[in-house]
Amino acid sequence: MSAYREDLAHIHDVGFGDFARQAAPALLDILSEGKITGGLVVDLGCGSGLWALALRRAGYDVLGVDISPAMINIARKRVPGGDFRTGSFFGIEMPPCAAVTSLGECFNYMFDSEVGRHELTRLFSRVYEAISPNGLFIFDLLEPRCLSGARTRQSQAEGDDWAVLVHAEEDQKRRILTRRITSFRKDGELYRRQEETHHLRLYPRSQIASDLRRVGFRVRVVR
């Protein structure tokens, strides 16, 4: 599968960055409450670096990892003081750190072939070994029936020089969400069209919480 090529990376950054911006203050509060006021934060699936920028401004060091070269290019321009690497977070060497974060349901994406609970649990183990004894691991996930019980959903959005159409369909038996994304980006007087298909594996929170506890984490689940 393609993973946020240049046009979709641009559209995601300029049109859908509010989630990271609005989540940042609460996440910084969580780090502060956990007495993590500095050190390295590893951001898995860092995207265009919006959360990384908030971390840097708050005094943290940042290592961002994303499978999309286009996203990493945006992140490097946005956060010159950050360390950004292109690749799968399932394969990177996890350095010692104070915290690990992943925002935007990154662990659901199946860009790495048949990713499932086994691969996720191996990643959880690597995170557990990398973070400090009082460190934090913060991430979000999509669960089954994420389309509010419906099997399909159509959505669209547009900006000054772009538009995007998304057809989402959930296979409730296999717990797979498929997003077929058509993007349009202005190029001179015309618009360039691109298409991407993203598959996401959906996990019940109870399963993931159980896997985390088996690794050694204490778990807090919030909506």
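This text gives an overview of the structure that appears in the document. Quick caveat: nothing in here was measured; it's all calculated off a predicted structure. (Residues numbered from 1 in each chain as written. Predicted model: local features only at pLDDT ≥ 70, side-chain atom pairs only at ≥ 80, totals over all residues. Heavy atoms only, no water.)

## Brief notes about the packing of aromatic side chains
Going by this rule: Stacked, edge-to-face and tilted are the three classes for Phe, Tyr and Trp ring pairs, Trp counted by its six-membered ring, which pair at centre distances within 6.5 Å; planes under 30 degrees apart are stacked, over 60 edge-to-face, the rest tilted. To qualify as a helix, a DSSP run of H or I must reach at least 4 residues; to qualify as a strand, a run of E must reach at least 2; elements of each kind are numbered from the N terminus. Under the scheme applied here, a residue whose accessible area is under 20% of the maximum for its type counts as buried, over 50% as exposed, and between as partly exposed, the area being computed with a 1.4 Å probe on protein chains only.
Applying the stated criterion across every chain, the model contains 13 aromatic pairs. Taking 5.1 Å as the distance between ring centres and 55° as the angle between the ring planes, the aromatic pair formed by F107 and F139 counts as tilted. Here F107 is found in the loop between β4 (97-102) and α5 (117-130), whereas its partner F139 is found in strand β5 (residues 131-139), with 32 residues between them in sequence. Accessibility expressed as a relative area gives 0% for F107, which makes it buried. With a relative accessible area of 21%, F139 lands in the partly exposed category. Site record: aromatic cluster; members linked through ring pairs are F89, F90, F107, F124, Y128, F137, F139 and F217.

## As for the pattern of salt bridges
Opposite charge on two side chains makes pairing possible when the charged atoms of those side chains draw close. The criterion, for reference: Note on definitions: salt bridges are taken to be side-chain nitrogens of Lys or Arg within 4 Å of carboxyl oxygens of Asp or Glu.
Evaluated as defined, the whole model comprises 14 salt bridges. Of the charged contacts, one joins D171 and R174 as a salt bridge, the two residues approaching to 3.8 Å between their closest N and O atoms. Put simply, D7, R185, D187 and R192 are held in one network by salt bridges that share partners.

## Some words on the pairing of strand β6 (residues 152-158)
The criterion, for reference: Two strands pair if DSSP finds at least two bridges between them.
Strand direction decides the pairing type here: β6 and strand β7 (residues 162-171), joined by 7 bridges, are antiparallel. Opposite A157, over in β7, you have V164 as the bridge partner.

## Regarding helix α2 (residues 18-33)
Helical geometry: 3.6 residues make up each α-helical turn, so side chains three or four residues apart lie on a common side. Short version of the rule: A helix is expected to span 1.5 Å for every residue after the first. Two axes are fitted around each residue, one to the seven residues ending there and one to the seven starting there, and the angle between them is reported as the bend at that residue. Note on definitions: a residue-residue contact is assigned when non-hydrogen atoms from the two residues lie within 4.5 Å.
Along its 16 residues, α2 runs 24 Å from first to last C-alpha, staying within 8% of the 22 Å computed at 1.5 Å per residue. A24 marks where α2 bends most, by close to 40°; the proline P25 follows one to four residues later. Those residues of α2 that are buried lie in contact with α3 (50-57), β4 and β5. Downstream of α2 by one or two residues, K35 has phi in the positive range, about 60°.

## Re the sheet that holds β4
Note the threshold: Here, axes are lines fitted to C-alpha atoms. For helices the fit covers the stretch in contact, and angles between N-to-C directions go from 0 to 180 degrees.
Reading across the sheet, the 5 strands line up as β3-β2-β1-β4-β5 and stay open at both edges, with parallel pairing between neighbours. Edge positions in the sheet fall to β3 (83-86) and β5, since each has one partner strand and no second. For this sheet the average axis-to-axis angle between neighbouring strands, irrespective of direction, equals 15°. The sheet contact formed by strand β2 (residues 61-66) and β3 spans 4 bridges and is parallel. Bridge pairing in β3 links G64 to F84.

## Re the sheet that holds strand β8 (residues 176-187)
Taken in spatial order, the 4 strands make up an open sheet running β6-β7-β8-β9, and their pairing is antiparallel. Each end of this open sheet is capped by a strand with a single partner; those strands are β6 and β9 (190-201). Taken over all neighbouring pairs, the strand axes of this sheet differ in orientation by 15° on average, direction set aside. On the sheet, helix α1 (residues 6-15) packs against β7, β8 and β9 and is oriented at approximately 90° with respect to β8.

## Let's talk about the state of the cysteines
We count it as follows: By convention in this document, the label disulfide applies to cysteine sulfur atom pairs within 2.5 Å.
Evaluated as defined, the whole model comprises 0 disulfides. Left without a disulfide partner, C97 is nearest to the cysteine sulfur of C46, which lies 14 Å away.

## Concerning the pairing of β2
Note the cut-off: By convention, orient the strands away from the viewer: a clockwise path from the first strand over the helix to the second makes the crossover right-handed.
For β2, the buried fraction is high: 5 of the 6 residues fall into the buried class. Direction of pairing for strand β1 (residues 40-44) relative to β2: parallel, over a ladder of 5 bridges. When the bridges of β2 are listed, L44 appears paired with V65. One crossover worth recording links β2 to the parallel β3 by way of helix α4 (residues 69-78), and it is right-handed.

Nothing here speaks to function; it is all geometry.
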